[in-house]
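# Analysis of the macromolecular model
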Amino acid sequence: MKTAIAWRRVVKQYRRLRALDGLSFEVPSGSICGLVGSNGAGKTTAFAIAAGLTRPDEGAVEAFGGAFDPARDSGRLTLLPQDSELPRDSRPREFLAFLGRLQGLSPRTAAREADRLLELVHLSDRARAPARTLSHGMRKRIMIAQCFLGMPEIVLLDEPLSGLDPREVAHMREFLARQRGRRTIVISSHNLHEIELLCDHVVFIERGRTVRSGPIDELTGAQDLVQLQLGGREEPPLDALRALLPAVTFAWSASERRLTARYDARRLPPEQVHDAILRSLLDARVPILGLSQGERLEAVYLGTADRRSSASPPSSA
Amino acid sequence: MNGFLRALTVVTGHEFLDALRSRRALVVLILYTAMAVLTTNSAINVLQKVEDELSSALQLDEPAAAGTVSSSIWKSERFRRMVARAVGEDSLVNDLIGTPPIVLIYGGLAFFYTPLLVVLIASTRVSEELASGSARYALQRTSRLAWSLGKWLGQVALVGVALLVGGLGAWVVATVRMAATDGAAVIAGMLVTALRTWVFALAYVGLATGVSHCLRSPGRATAVAMLGMLALSVVSWMCELWYGSGIRELWHLARWLTPQHQRLQLWRADPGSWIPALIHLTALSVTYLSAGYAVFRRRDL
């Protein structure tokens, strides 16, 4: 798959703090990629370098055949920066049109784009209100909107959904999901559930380095692991299941009432495994509350982070 | 239009409009206009009082409006010699005497207050955006140079508007209160004076904008720009005081770094005097801005 943007051995040192320590990863074109890491892992710095706002000490971020240049590649890569505010006296429509014109749109097109995006983020009625009079959530929506001015090919979103109300979160999630295949989106978030719902790729970074990356399905084992949440008090028929599916490894957690089945998807089609397990449970009259493929991303992340922290001492330069 | 010029134009226009409606700029503009009007009015009061006393001492009819007597005095040889002594050179006297009194009053006021107005408005414009992070929205779409120059040009335009509005206020007061303010000469004189002050203020726009590029705190940026403005005045004064031969000629060089050095040149009618002053003040402005930009261009945002 073609790479849209790649961080290559990027190093960034802030006085005594090494924010990025040889960060390397690639994001496939047209994918939605989640960037996950603890506070201070280097996610925001990684984005700032990609958008040309911060200079790396070593390495480079490659997009459009080289390092992104805001003047040359204006509007092709956009960023929702974390902890940034709108200018206090700016008006949403005017501000968006200004940014649109900066990236080369004609005054008319920029104004049209501003209207389209304000409608998209449900703020058409506040188009001329000073930013200082808008709520935090409203301002955040405008900040997200500016990322989609014109036809950006790469969009970097730093904590895009934090601070939005539940209705807007759902709406924005749906909007972002619709962008899949049309542009490359990289989302940094602490909300792993959000990443799981939206992204097809994920990168874990810690202490300025990539600790794990790949397609979400691969990382969570979605192809070869199924988990069933069971109700009632009856035990699942483990012996019958093992006899029926000898190539599958079963694990039962009585306290969580969770049945886990692990298998090799290349040899055993998942549909066949699911069908057999469900039939056996229904025959044994064990209530099934839910079925999920693979591990939760949170469990994968925590497992990776725990292994990492126990393996290496803290790195500060 | 190439990308740089387009971005420069867009940033300049946006900066001008955005600064114009910012609360701080609005308050300072209103204060400036009020100050222009009040100071002109006070100057006219003083003038009228002097004229009344003069008329009474000379047992003349009391003048109906301020300026009637002073217009005659203005043209007298004795007054001319007095101005020549105050200014220190004869060549400038003709240019000053040829200027209507109200224009000189407004000019004196504008040259005194405008640097303060500029520092109060312009010193926060970039630092505010650095502090709030809002600069990142524009700077992911254009070069830092285009953005910085656009900010500077926007402020230059804003100061021009402030001077025109202040001048208009002073002219209205003068028209109502002074007899000698009729005619196109006064309005033309006001416009030329506003232009002279604007040119003088260019250096301060560069100073304030340059400082603003270096600091994230708007309050600190204003304080440093004020100190800078004060330092330039002190250096200029020291240059006047200590300039001499030998090693003291260095003060002459230092003088070239201060806008005050060109202040009187701007009052001359001869283009051979004010054009070099205009070039010098523009160069000073760009120099101050460049010093700030040198820090800003390497800054992580």
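From a predicted model like this one, the values you see are computed outputs, not experimental measurements. (Residues numbered from 1 in each chain as written. Chains lettered and ligands numbered in written order. Predicted model: local features only at pLDDT ≥ 70, side-chain atom pairs only at ≥ 80, totals over all residues. Heavy atoms only, no water.)

Each side of the interface is counted separately: chain B has 26 residues, and chain A has 39 residues. Between chain B and chain A, roughly 2,700 Å² of surface is buried when both sides are summed, and carbon and sulfur atoms account for 50% of that area. A per-residue breakdown of the area chain B buries against chain A is headed by Tyr137, Gln140 and Arg141 of chain B, which together make up 31% of the total. With a shortest N-O distance of 2.8 Å, Asp300 of chain B and Lys12 of chain A are connected by a salt bridge. Applying the counting criterion to the chain B and chain A interface returns 15 residue pairs in polar contact (both at pLDDT 80 or more). Listed by contribution, the elements that provide at least two residues to the side of chain B that touches chain A are helix H1 (3-20) and helix H8 (135-139) of chain B. Top element by residues in the side of chain B that touches chain A is H1 of chain B. It accounts for six residues. Of the residues in the side of chain B that touches chain A, the class split is seven nonpolar, eight polar and 11 charged. (Contact = heavy atoms within 4.5 Å. Buried area = accessible area lost by both parts, 1.4 Å probe. Salt bridge = Lys/Arg side-chain N within 4 Å of Asp/Glu carboxyl O. Polar contact = N/O pair within 3.5 Å; in protein donor to acceptor, adjacent residues only side chain to side chain. Helix = DSSP H or I, 4+ residues; strand = E, 2+ residues; numbered from the N terminus. Nonpolar A, V, L, I, M, F, W, Y, C, P; charged D, E, K, R; others polar.)

Next up on the list: the sheet that holds strand E9 (residues 201-206) of chain A. Residue and element names in this part refer to chain A. Overall, mixed pairing links the six strands, which are arranged E6-E7-E8-E3-E9-E10 in an open sheet. Here the strands that pair on one side only, and so sit at the sheet edges, are strand E6 (77-80) and strand E10 (209-215). Pairs of neighbouring strands in the sheet enclose a mean axial angle of 15 degrees, with direction left out of account. Taken together, the five bridges between strand E7 (residues 154-158) and strand E8 (residues 184-188) define a ladder with parallel strand orientation. (Pairing = 2+ DSSP bridges. Axes fitted to C-alpha atoms, helices over the stretch in contact; angles between N-to-C directions.)

Turning to the sheet that holds strand E12 (residues 249-253) of chain A, a few remarks are in order. Residue and element names in this part refer to chain A. Strand order across the open sheet formed by four strands is E12-E13-E11-E14, with antiparallel pairing between neighbours. Of all the strands in the sheet, just E12 and strand E14 (288-293) have a single pairing partner and so form its edges. Here the average twist between neighbouring strands, direction ignored, is 15 degrees. With five bridges connecting them, strand E11 (residues 225-230) and E14 associate as antiparallel partners. Residue pairing across strands places Gln229 opposite Gly290, the latter belonging to E14.

Residue and element names in this part refer to chain A. By size, the foremost hydrophobic cluster in this structure holds 93 residues, and its most contacted members are Ile5, Trp7, Phe148 and Leu156. A per-element tally of this core places helix H2 (residues 92-102) first, with six residues. Ignoring any residue separated from it by four or fewer positions in sequence, one finds Phe148 in contact with Glu113, Arg116, Leu117, Val155, Phe175, Leu176, Gln179, Arg183 and Ile185. (Core = buried A, V, L, I, M, F, W, Y, C linked by side-chain atoms within 4.5 Å. Buried < 20%, exposed > 50% of the residue type's maximum accessible area, 1.4 Å probe, protein only.)

Moving on, we come to empty space enclosed by the protein. Counted according to the given criterion, the structure contains two cavities of 30 Å³ or more. Contributions of two or more residues to the lining of the largest cavity are made by H2 of chain A together with H1, helix H7 (125-132) and helix H9 (144-177) of chain B. If you tally residues by element for the lining of the largest cavity, the top one is H1 of chain B, at four residues. For the lining of the largest cavity, the per-class residue count stands at six nonpolar, two polar and five charged. As a volume, the second largest cavity reaches approximately 30 Å³. In this structure, the second largest cavity is lined by Glu129, Leu130, Gly133, Ser134, Ala135, Arg136, Arg216 and Leu301 of chain B. Listed by contribution, the elements that provide at least two residues to the lining of the second largest cavity are H7 and H8 of chain B. Residue classes in the lining of the second largest cavity are distributed as three nonpolar, two polar and three charged. (1 Å grid on protein atoms, 1.4 Å probe; cavity = no way out; pocket = protein on both sides within 12 Å on 5 of 7 lines; lining within 4 Å. Points joined across faces, edges and corners; volume = space filled by probe spheres on them.)

The final tally for this structure, using the stated rule, is 13 aromatic pairs over all chains. Ring geometry for Phe64 of chain A versus Phe68 of chain A: centroids 6.4 Å apart, planes at 55 degrees, classification tilted. What makes Phe68 of chain A buried here is its relative accessible area of 8%. With a centroid separation of 5.3 Å and an interplanar angle of 70 degrees, the aromatic rings of Phe112 of chain B and Tyr113 of chain B are classed as edge-to-face. Within the aromatic cluster, the residues linked to one another by ring pairs are Phe111, Phe200, Tyr204 and Trp267 of chain B. Note that Arg76 of chain A overlies the ring of Phe64 of chain A, its terminal NZ or CZ placed 4.0 Å from the centroid. Between the NZ or CZ atom of Arg144 of chain B and the centre of the ring of Phe296 of chain B, over which it lies, the distance is 5.5 Å. (Phe/Tyr/Trp six-rings, centres within 6.5 Å; stacked < 30°, edge-to-face > 60°. Lys NZ or Arg CZ within 6 Å of the ring centre and 35° of its normal.)

The values reported here are purely geometric and, on their own, carry no functional implication.
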